[in-house]
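Chain by chain, the residues:
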Amino acid sequence: MLTDLTRQSLAGLRLLLVMTVLLGVGYPLAVWAAGQAFGDRADGQPIESNGQVVGSRLLGQQFEGAQWFHSRPSANDYDSLASAPSNLGPSNPDLLALIAERRAQVAQTEGVDPAAVPPDALTASGSGLDPHISQAYAALQVERVAAANGLSEAVVRRLVAEHTTGRSLGFLGEPGVNVLELNLAVQRAD
C-alpha cells in the first residue's frame, strides 16, 4: 500500500514530466511552426545574392568604397548583438565632435557643402542597425556611385526610386531606401 508521501511524490513527478513535454517541447515547436507560416519573416528576412545570404532586410551593415551607397552611421559598428544607441545627449561634446567629423567626411566624399549633408548621414539610429537611409542621403550619393560603377546618373536615380519604401501604414515615418537592396541592384546593373 502506498503512503500519502509516495502518492504525492508520484503525482508531482507525473506533473513534472507532463509540463516538461508540454512546455519544453510542445510550446517551442508550436512557436517555431507559427513562425514558419510567415516564411522568411521569422528567419530575419535574409537577402541572397548568387545563392548566398549576404544580409538581412532588417539590419543595416557597413559598406565601404566609392562604388557603394553608404549606410547610416552605427553607434555599435553594426553589431546586432549590441543593438543600442550611444546614449549621448544632444549637447554632449563627444557627440557634437563626432557629428562635425562625420559632416566633414561626408561632405568631402560627396563633394558637397557641409550644410547639404542630411541628418541621417551624421547621426546613428536608436538601434544602430537601421537598414534604411533617407531619400536625401541616397540622392547625395548618386553621382559618386554612378561614376564609380560606370553607370549613368539616370540609371542610379531609377534604382534609388525602385528601392524606396513608403511610409508605414501610409502615414507613419518617412520614406526610406534599403541600402543593401539598393547596392545589390547597383551591382547587378554593372
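That block above? That's the structure.
Residues numbered from 1 in each chain as written. Predicted model: local features only at pLDDT ≥ 70, side-chain atom pairs only at ≥ 80, totals over all residues. Heavy atoms only, no water.

Enquirer: Lay out unusual backbone geometry with the relevant residues and their values.
Expert: Here the phi dihedral of Asn 50 falls at roughly 55°; this positive angle occurs in a residue that is not glycine. Summarising the element assignment, Asn 50 is placed in the loop between strand 1 (46-49) and strand 2 (52-56). Although it is not a glycine, Leu 169 sits at a positive phi angle of roughly 55°. Looking at the secondary structure, you find Leu 169 in the loop between strand 4 (164-165) and strand 5 (176-178). (Helix = DSSP H or I, 4+ residues; strand = E, 2+ residues; numbered from the N terminus.)

Enquirer: An account of empty space enclosed by the protein is needed here, citing residue identities and associated values.
Expert: Over the atoms a probe the size of a water molecule is rolled, and this reveals where empty space is left. Inspection of every chain in the model, using the stated rule, returns 1 cavity of 30 Å³ or more. Here the largest cavity defines a volume of roughly 30 Å³. For the largest cavity, the full set of lining residues is Leu 59, Gly 60, Gln 61, Ser 71, Pro 131, Asn 178, Val 179 and Leu 180. Within the lining of the largest cavity, the residues separate by chemical class into 4 nonpolar, 4 polar and no charged. (1 Å grid on protein atoms, 1.4 Å probe; cavity = no way out; pocket = protein on both sides within 12 Å on 5 of 7 lines; lining within 4 Å. Points joined across faces, edges and corners; volume = space filled by probe spheres on them. Nonpolar A, V, L, I, M, F, W, Y, C, P; charged D, E, K, R; others polar.)

Enquirer: An account of the pattern of salt bridges is needed here, citing residue identities and associated values.
Expert: Within this structure, the stated rule accounts for 7 salt bridges. In this structure, Asp 4 engages Arg 7 in a salt bridge whose closest nitrogen and oxygen atoms are separated by 2.2 Å. Placement of the pair is Asp 4 and Arg 7 together in helix 1 (residues 4-36), with a separation of 3 residues, close to one helical turn. Given the relative accessible area of 43%, Arg 7 is considered partly exposed. Between Arg 144 and Glu 110 there is a salt bridge; the shortest N-O distance is 2.9 Å. Of this pair, Arg 144 sits in helix 3 (residues 135-149) while Glu 110 is found in helix 2 (residues 93-110), placing the two residues 34 residues apart along the sequence. Glu 110 carries the same exposure label as Arg 144, and that label is buried. (Salt bridge = Lys/Arg side-chain N within 4 Å of Asp/Glu carboxyl O. Buried < 20%, exposed > 50% of the residue type's maximum accessible area, 1.4 Å probe, protein only.)

Enquirer: Describe helix 1, and please don't skip the residues or the numbers.
Expert: Side chains three or four residues apart in an α-helix point the same way, a direct result of the helix having 3.6 residues per turn. In a regular helix each residue adds 1.5 Å, so 33 residues correspond to 48 Å; helix 1 covers 46 Å between its end C-alpha atoms and thus fits that length. Approximately 30° is the largest bend angle found in helix 1, and it occurs at Gly 26, with the proline Pro 28 only one to four residues beyond. (Expected span 1.5 Å × (residues − 1). Bend = angle between axes of the 7 residues up to and from the residue.)

Enquirer: Give me the layout of surface pockets: which residues, what numbers.
Expert: Each pocket or cavity is described by its volume, and for the largest pocket that value is around 470 Å³. What lines the largest pocket is a set of 21 residues, among which Gln 62, Ser 71, Pro 73, Tyr 78 and Gln 105 lie closest to the centre. When residues in the lining of the largest pocket are grouped by element, the largest group, 7 residues, is from helix 2. A class-by-class count of the residues in the lining of the largest pocket yields 7 nonpolar, 8 polar and 6 charged. Lining the second largest pocket are 15 residues, and of these His 132, Thr 165, Glu 174, Pro 175 and Gly 176 sit closest to its centre. Classifying every residue of the lining of the second largest pocket by side-chain character gives 3 nonpolar, 7 polar and 5 charged.

Enquirer: Run through the pairing of strand 2, naming residues and quoting values.
Expert: Bridge count between strand 1 and strand 2: 4 bridges; the pairing is antiparallel. Looking at strand 2, one finds that Pro 46 is bridged to Ser 56. From the end of strand 1 to the start of strand 2, which pair antiparallel, there are 2 residues, and Asn 50 there has a positive phi angle of about 55°. (Pairing = 2+ DSSP bridges.)

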